[in-house]
Every structure is written in structure tokens, then in C-alpha cells.
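Descriptive analysis of the structure
Take a look at the letters that make up each chain.
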There are 2 protein chains.
Amino acid sequence: MSSKSKVLLVGSGGVGTIASYALEYAGKTTVTSVLRSDYDRVMEKGFSINSCDYGNGLVFKPTNVVNSVEASKVFGPFDFVVVATKCLPEVTNMIDVIAPAITIDTAIVLIQNGIGIETEALAKFPKNVILSGVSMIGSANMDGHIEHESPDMLRVGYFNNQNITQSHQEAVSRKFVGIYQNDKNECVYDEDVKFSRWRKLVYNACLNPVCALTGVDIGRLEIWGGVDSIIRKAMREVLAIAKSDGVILSEDVIEFMIRSDDPVYYRPSMLVDAEKQNLLEIEVILGNPVRIARKNEVNVPYLTIIYELLRIVQSRTMEEKGMIEIPKERPVPK
Amino acid sequence: MSSKSKVLLVGSGGVGTIASYALEYAGKTTVTSVLRSDYDRVMEKGFSINSCDYGNGLVFKPTNVVNSVEASKVFGPFDFVVVATKCLPEVTNMIDVIAPAITIDTAIVLIQNGIGIETEALAKFPKNVILSGVSMIGSANMDGHIEHESPDMLRVGYFNNQNITQSHQEAVSRKFVGIYQNDKNECVYDEDVKFSRWRKLVYNACLNPVCALTGVDIGRLEIWGGVDSIIRKAMREVLAIAKSDGVILSEDVIEFMIRSDDPVYYRPSMLVDAEKQNLLEIEVILGNPVRIARKNEVNVPYLTIIYELLRIVQSRTMEEKGMIEIPKERPVPK
């Protein structure tokens, strides 16, 4: 009888696939991966992976591969259900998606960007531990081939659930770190993961959206004056919202984030998504922070206006994907 | 000997070509038109025109067609030099371009959008009359074919030149109206053309840039909430800047402009230009108004941020057109 942990992984993009690889590589886990578009290909020949952490030319198939959460249940019950999808709450409630696989002993691990991503999980599973994973990684999935270019560093803590003791939530967090950490990656327990999440947002809420809206990489944005005229101001707004939410970030983080891609003309993921006409994570990256700002009466014109512009872009993408329709004739007020 | 007025016309797009047609049609003018990309085609077979004012299937060649301002001089001296190009001061100083054709008796007629477009003309020709033409027209030039879809309505006044009596400037304005007005169009002397220019900007500084940035027409922008979240606020900012510049616009103009394209999913010209990766008139539509706001201490976050975003888009377009270059490696501060 196996003493391995059982992990269900939902969302096998660049982040999720390396997470499943890391978990299996560490040897303490059997991973069941729910795939959709990659299912047939991975069933047949696995993922191909070039990884800065694990080496190139790898072929990888998680222990179990299924094409739905329902189908995963025969491999449960799961100790952890890891959600590593893009976070698009306006399109999909991922907590509803994973619900069939959740038992009272399952911890939900959200390895996703943004603020306020835990709301649905805490509401639907008020007695479960909800972990917060803040990932620093450069990794992309291109039709089943994973190009993993910058090291996997994962900070893990918990979204505080007042129905559960903090010591238990910490123990579950540390258990996940224990099965994820291996000799190639870096996974740590973060006792202030809320701080880490806001800190990462300084980059994500500013450089990602502005590059996506203007269609340029971060280097060009800086050369043409946009880092001065837009980014520093928007980043200061993130610091102000974080402060209103009880998180004090040092001003230094602004220059740190601006310089973090030197000397590359780096194309942030939201720019790449915009060019592919993919949906963008605007609600958790911008919408929720802007709503917190409004509630706490923090004035954030840059983030607000950039969010409002990107909401229109998002609707355009949804129409292009056939997810929404508009009337044939433009509606006119009476 | 002809008693006709002599007009040099620079910029034969949708607006300029209909202007040259209107002037010749009225019978009081010989037009010399400076063409660049359309020169060969128009020399050979003229413009083809479908016009809501003048009829369809027209073929039109101005009296004189030349390929440079220098070459136009044999047809001068000109009573009026009409500039109907897009206004891109960061790329071309049109006053330098037309300078060879200007005599002390020439009035310069700027039929262009935006605020502050007269600065170079007044500086370089302090003794000449500078007229301000505010055009309401729907007309586009597609490779020498003009599709003129909504009526030509032109308001003409003068940018006040303190070196010249107002009565003379008014007389010159009225003279231009007299040669432009015909039985098909509507051209009026406007004693407060500054008001008309700011009024038109309410539409142009808001709907044009936001549609260009988000890639959607005005109908979609409204359906998806952008008119509420962005446009009305930006338009109120235009009213505030105008007020600081001595022009009082009624709040009613906001709903008038928002409704002015009903019931069409109208694609404003700047959206069309953005999709064609053309340069955008951001300096005179947004940049100059934002600078006036700054000078007069008017808080205009929407216009400011939209301008700053579009400046990046403009630089991207200039790089794509080979007008600017960036260093091969991203510059890094020491």
C-alpha cells in the first residue's frame, strides 16, 4: 500500500505541468492530471519538456491522466487539489469545476496570480484548507511541449480560514511544501504569503496590462517613456492599495520590478496572450485590486482606467470567441 | 484674365479632395493640388468619387496637379493655401512644407482636427491670416477613390492674429466661405470657431482614442459599458479644459456626441487608422489639450492616461514604419 500523497492537478499549462513534474520527481506523490485540449496527445506520447531545472528532451506523463474531474475520482480521495489554470472568474468558476473531487480532508491549492482568488473556495468549502501558491517561473505550454526557461520558485502559505486553527493550516501548507520541494526546485513555506502575493502584483498589475494594451514589450515601453509616464505611477497605486489592505511594501520594490527583466526586451505573458487574442486575467490582476481601492477610498486612476480599457478588450475577445453576442443593430435609447 | 481665386490644396484625403471638388464646383476658384502617393494615378485618370453631396461615379481632376509645393509655385501666387492633411506635428511641420507657396497676401487655411494646430503657422507667418476650418464630413480616400458618405459641413473662422485687425481677418474668412459655399454643401462663417473646435474635440478626444486603444466600434464600446465607465468621464474632462481655456460648452454636448452615430456600429477614423497601423493624431487631439489642462491646473486623469498609452502605440507604429529605431540590446541604467 502506497504512503504517497495523492494530488489532483487541474490546469496543465507552463506552470501546472512543471508543478506536476516537480511533485512526481520528488517521489512523494502520485499526480492525477486533468487535461482537456492536450488529453489525446499526452495520453499517446506524454508532454515533451525542455526545462532549466530538470533538463532538456524530457518526456513526461503524470501517473494518471484523465479528461474530466469526474473521471479523476477513481484515483482519489485527494490530499491536495492543485488549481494552476489562468484565473478567469468571469468565465469559469474553477471551484465548481473541482468540487466533485473535494472531500473534507482535501486541501485546495491555488497556484494562480492576482488578489481575491480565494473568495469562491472559502465560500464553497468553508471547512477546507485553502493554500495560496505564489509562483515565480518562466514556463509556457505550446501544444503539449513545455518550454521552461526560468527556475521554478514557489512560495506556499494559506488563505486564512477562520473555521480552522492556524496551526493546522500551517501544517497543511508545510506538508505541501514537503511533497513539492525537490533537489532541483525551490519551494518554501511563506508565513506571509499575502505579502508575497501583493508584491508580485506590483509587476503583474502594471507591466502586464500596459504592455498588453499598447502592444509593446517592457524594453520598448521604457525607451518610449511609458515606464516613467505610466508604470511607476501605477505601481505606486498598487502599493497604496496593498497598504489599505494591511500589507506594507517598500518603495524599493518598484525599481526592483522594473529592472527584473534586464537586459531583455521582455514580452510579459499578458502581452503574449493579447496578441494571441486569448482572454486576460484582468479581474484578479486589476479588477479586484481596484474594487479594494474603491472600498478603502484609495485613489487609483491609472489602475482604474487601464482596467476599464482592458474590460472592453476582454469583451471583444469574448465576442471573437463566440462567448457573447451583440444585437444586430446597435441599441439606441428611447 | 481670370478673376478666380487661386487655392493651393495640400492633403487630398477624404476631406481635402471633397474640399477641392467643392471649390472648383462653386466656380470661383482654380485649385492646384499637391499630391504624393496619388500623383501618378490622378494625373492619368483623376480621382473617382462617390459623393452624397455631388453624386456617384464622378471623375475629378483639379485644375492643376503637382507633386510638390515647389512645383506648385508656377500656378501661384495663391490667395489661400489649404492644409487638409492629418495633423502630426511630431512627424511633419506642415508649415515648413507649405512655406515656399506663402506670400504676404496668402491666407493659410487649416482644415484639421485638434487644439493648438495654429501654433507653427502663427510663429512662422506672423503677418498672415490663419483660418480655422472645422469640418463635419464623412469621407475617405482609398487609393484615389473617394467615398464621401456624410455631407460636407464646414465652419470657417480665424485663429486670432494680433498683428492684423479683426475686421480684416473676418473679411478673409468670409471670402473663403464665399468661394467654398456652393448649392450642394454647407459652409458658414463662424464668429466663434474656437468654440466649434473645442466642441468637436468632445467627440474626437474621447471616442476616437478609446476605440483605437480597445479595438472596438462605438456601439460595442457602449454595450460593454465603456461609454459609462470611460467616455462620459473623459468628455467631462474636455469640457473642463475648454472652460479653463475660456470656452463654455453645455453638458448636453456629451449625450449629443455619444448619440451622434446612432444606430450604427460606427468605427471612428482613429480606430480605422489604428487597425491599418497608421499614425494617429494624438498630439493635437489629446496631447495639446492635456498640456493646456496641466498649465491651467485642471485634473484630467482619463485624457492623460489615454494619451500616455497612445503615445506608446504611436512609437510602436513609428518603429514599424522604420521612422525610429531602438538599440539592439535593451538599455540598462548603470
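Here is what the cut-offs are and how they apply
- Residues numbered from 1 in each chain as written.
- Chains lettered and ligands numbered in written order.
- Predicted model: local features only at pLDDT ≥ 70, side-chain atom pairs only at ≥ 80, totals over all residues.
- Heavy atoms only, no water.
- 1 Å grid on protein atoms, 1.4 Å probe; cavity = no way out; pocket = protein on both sides within 12 Å on 5 of 7 lines; lining within 4 Å.
- Points joined across faces, edges and corners; volume = space filled by probe spheres on them.
- Helix = DSSP H or I, 4+ residues; strand = E, 2+ residues; numbered from the N terminus.
- Core = buried A, V, L, I, M, F, W, Y, C linked by side-chain atoms within 4.5 Å.
- Buried < 20%, exposed > 50% of the residue type's maximum accessible area, 1.4 Å probe, protein only.
- Contact = heavy atoms within 4.5 Å.
- Least-squares fit on C-alpha atoms with pLDDT ≥ 70 in both.
- Buried area = accessible area lost by both parts, 1.4 Å probe.
- Salt bridge = Lys/Arg side-chain N within 4 Å of Asp/Glu carboxyl O.
- Phe/Tyr/Trp six-rings, centres within 6.5 Å; stacked < 30°, edge-to-face > 60°.
- Axes fitted to C-alpha atoms, helices over the stretch in contact; angles between N-to-C directions.
- Parallel < 35°, antiparallel > 145°, perpendicular 65-115°, else oblique.
- Nonpolar A, V, L, I, M, F, W, Y, C, P; charged D, E, K, R; others polar.
- Pairing = 2+ DSSP bridges.
- Domains from an automatic or database assignment.
- Polar contact = N/O pair within 3.5 Å; in protein donor to acceptor, adjacent residues only side chain to side chain.

1. Some thoughts on empty space enclosed by the protein
All names here are of chain B.
- Here the structure, examined in full by the defined rule, presents 1 cavity of 30 Å³ or more.
- By volume, the largest cavity is sized at about 50 Å³.
- In terms of lining, the largest cavity is formed by Q112, N113, G114, V134, R197, K200, L201 and N204.
- Sort the elements by how many residues they give to the lining of the largest cavity and helix α7 (residues 193-204) lands first, with 4 residues.

2. Overview of the nonpolar core
- Counting residues in hydrophobic clusters, the biggest one holds 152 residues, and the most contacted among them are W198 of chain A together with W198 of chain B.
- Beyond its immediate sequence surroundings of up to four residues, W198 of chain A is in contact with I115, V238, I241, A242, D245, V247, L249, P289 and I292 of chain A.

3. Regarding the relation of the copies chain A and chain B
- Superposition record for chain A on chain B: RMSD 0.0 Å, screw rotation 180 degrees, translation along axis 0.0 Å. Classification of the inter-copy transformation places it as that of a two-fold axis.
- In this assembly, 100% of the residues forming the interface of chain A have copies in chain B that are likewise at the interface, indicating an isologous arrangement.

4. Describing the interface of chain A and chain B
- Contacts between the two partners involve 45 residues from chain A, matched on the other side by 45 residues from chain B.
- A buried area of about 3,800 Å², summed over both sides, lies between chain A and chain B, and 67% of it is on carbon and sulfur atoms.
- Of all residues in chain A, W224, I312 and R330 of chain A bury the most surface against chain B, accounting for 24% of the area lost on that side.
- For the pair chain A and chain B, the number of links is 8 salt bridges.
- In this structure, E222 of chain B and R330 of chain A form a salt bridge, with 2.9 Å as the shortest nitrogen-oxygen distance.

5. Regarding the environment of S20 of chain B
Residue and element names in this part refer to chain B.
- Considering the arrangement of structural elements, one finds S20 in helix α1 (residues 14-26).
- Placed 229 residues apart in sequence, S20 and L249 show a C-alpha to C-alpha distance of 32 Å.
- Setting aside anything within four residues of it in sequence, one finds S20 in contact with L9, V31 and F60.

6. With respect to the packing of aromatic side chains
- Applying the stated rule across the entire model yields 12 aromatic pairs over all chains.
- For the pair F80 of chain A and F176 of chain A, a centre-to-centre distance of 5.0 Å together with 65 degrees between the ring planes defines the contact as edge-to-face. Of the two residues, F80 of chain A is situated in strand β6 (residues 80-83) and F176 of chain A in helix α6 (residues 166-180); the sequence distance between them amounts to 96 residues. As far as burial versus exposure is concerned, F80 of chain A and F176 of chain A are alike and both buried.
- When the ring of Y21 of chain B is compared with that of F60 of chain B, the centres are 4.9 Å apart and the planes differ by 70 degrees; the resulting orientation is edge-to-face.

7. Here we look at the pattern of salt bridges
Residues and elements named next belong to chain B.
- The final tally for this structure, using the stated rule, is 42 salt bridges over all chains.
- Across the pair R155 and D190 runs a salt bridge, and its minimum N-O distance is 2.7 Å. Of this pair, R155 sits in strand β9 (residues 145-158) while D190 sits in the loop between β10 (186-189) and α7, placing them 35 residues apart in sequence.
- On the basis of relative accessibility, which here comes to 35%, the residue R155 falls in the partly exposed class.
- Classification of D190 as buried rests on a relative accessible area of 7%.
- Measuring nitrogen to oxygen at the nearest pair gives 2.7 Å for the salt bridge that ties R291 to E283.
- Taking relative accessible area as the criterion, R291 reaches 35% and is therefore assigned partly exposed.
- We classify E283 as buried; its relative accessible area is 12%.

8. Description of the packing of α1 of chain B against helix α6 (residues 166-180) of chain B
Residue and element names in this part refer to chain B.
- Where α1 meets α6, the closest approach of the two axes is 7 Å, and the angle between their N-to-C directions is 80 degrees. Looking at the two axes, α1 sits roughly perpendicular to α6. Contacts from I18, A19, A22, L23 and A26 of α1 reach α6 at F176, I179 and Y180.
- Looking at the contact of α1 with α6, its residues break down into 8 nonpolar, no polar and no charged.

9. Some thoughts on the pairing of strand β3 (residues 47-51) of chain A
All names here are of chain A.
- Here β3 lies mainly inside the structure; 4 of its 5 residues are buried.
- Sheet analysis places β3 next to strand β4 (residues 55-60), joined by 4 bridges and oriented antiparallel. Opposite F47, over in β4, you have F60 as the bridge partner.
- Counted along the chain from β3 to the antiparallel partner β4, the turn is 3 residues long.
- Two elements, β3 and strand β9 (residues 145-158), share 4 bridges in a ladder whose sense is parallel. In the sheet register, S51 faces β9, and the bridge partner there is H148.

10. Quick look at the domain arrangement of chain A
Residue and element names in this part refer to chain A.
- Parsing chain A into structural domains produces domain 1 (5-191) and domain 2 (196-320).
- The centre of domain 1, based on its C-alpha atoms, is set 25 Å off from the matching centre of domain 2.
- Each side of the interface is counted separately: domain 1 has 22 residues, and domain 2 has 20 residues.
- For the pair domain 1 and domain 2, the two sides together bury roughly 1,700 Å², of which 56% comes from carbon and sulfur.
- Ranking the residues of domain 1 by area buried against domain 2 places K86, N113 and I115 at the top, with a combined share of 40%.
- One can count 1 salt bridge joining domain 1 with domain 2.
- Summed over the shared surface of domain 1 and domain 2, the number is 15 residue pairs in polar contact (both at pLDDT 80 or more).
- By residue number, the principal contributor to the side of domain 1 that touches domain 2 is strand β8 (residues 130-142), which donates 5 residues.

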